[in-house]
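Summary of the model geometry
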Amino acid sequence: MRITAELSLYPLTEAFIPKVQLFIRTLRDSPVLEVRTNQMSTQLRGDLDDVMAAIAAAVERSFAAGGAEALVVKILNADLPIAEEPDVGLAD
């Protein structure tokens, strides 16, 4: 089953940027997933087991580095085209 996930990591520290960058780099280490990052979140697309394994690896590495963090995850049981801008019916 192919899924799409959206993740937002919130390190509870003033020096949050390196922690977020490490988290995203770990997600991108998976050669079998499509990964897109924007200013608000990172989206993953792929097989359920692969997506969940990538999330687990990123969480384990990030949490092991220390400091409190909050991770918000949304998972959809659909294979969304995350590289394309969606048509939400608001044509100019």
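So, here's what we can say about the structure.

About the criteria used
- Residues numbered from 1 in each chain as written.
- Predicted model: local features only at pLDDT ≥ 70, side-chain atom pairs only at ≥ 80, totals over all residues.
- Heavy atoms only, no water.
- Core = buried A, V, L, I, M, F, W, Y, C linked by side-chain atoms within 4.5 Å.
- Buried < 20%, exposed > 50% of the residue type's maximum accessible area, 1.4 Å probe, protein only.
- Helix = DSSP H or I, 4+ residues; strand = E, 2+ residues; numbered from the N terminus.
- Pairing = 2+ DSSP bridges.
- Axes fitted to C-alpha atoms, helices over the stretch in contact; angles between N-to-C directions.
- Parallel < 35°, antiparallel > 145°, perpendicular 65-115°, else oblique.
- Left-handed = near helix turned anticlockwise from the far one by under 90°.
- Contact = heavy atoms within 4.5 Å.
- Nonpolar A, V, L, I, M, F, W, Y, C, P; charged D, E, K, R; others polar.

What tends to happen in soluble globular proteins is that the nonpolar side chains get buried as a cluster. Ranked by size, the top nonpolar core spans 14 residues in total, and within it Leu7, Phe23, Leu27, Leu44, Val51 and Ile55 carry the most contacts. Every element with two or more residues in this core is listed here: β1 (2-11), α1 (17-28) and α2 (48-64). Considering every element that reaches this core, the biggest residue donor is α2, with five residues.

When you tally the buried positions in β1, you get seven out of ten residues, the bulk of the element. Across six bridges, β1 lies against strand β3 (residues 42-47) in antiparallel orientation. Bridged to Ile3 within β3 is Gly46. Where β1 meets strand β4 (residues 69-76), eight bridges bridge the pair, whose relative direction is antiparallel. Each residue of the ladder has a partner; that of Leu7, found in β4, is Val73.

Let's shift gears to the packing of α1 against α2. Two elements in contact, α1 and α2, have axes whose closest approach is 8 Å; the angle formed by their N-to-C orientations is 150°. Between α1 and α2, the angle falls in the class roughly antiparallel. Note on packing geometry: the crossing formed by α1 with α2 is right-handed. Of α2, the residues touching α1 (which contributes Lys19, Leu22, Phe23, Thr26 and Leu27) are Ala54, Ile55, Ala57, Ala58, Val59, Arg61 and Ser62. For the contact of α1 with α2, a count of residues per class yields eight nonpolar, two polar and two charged.

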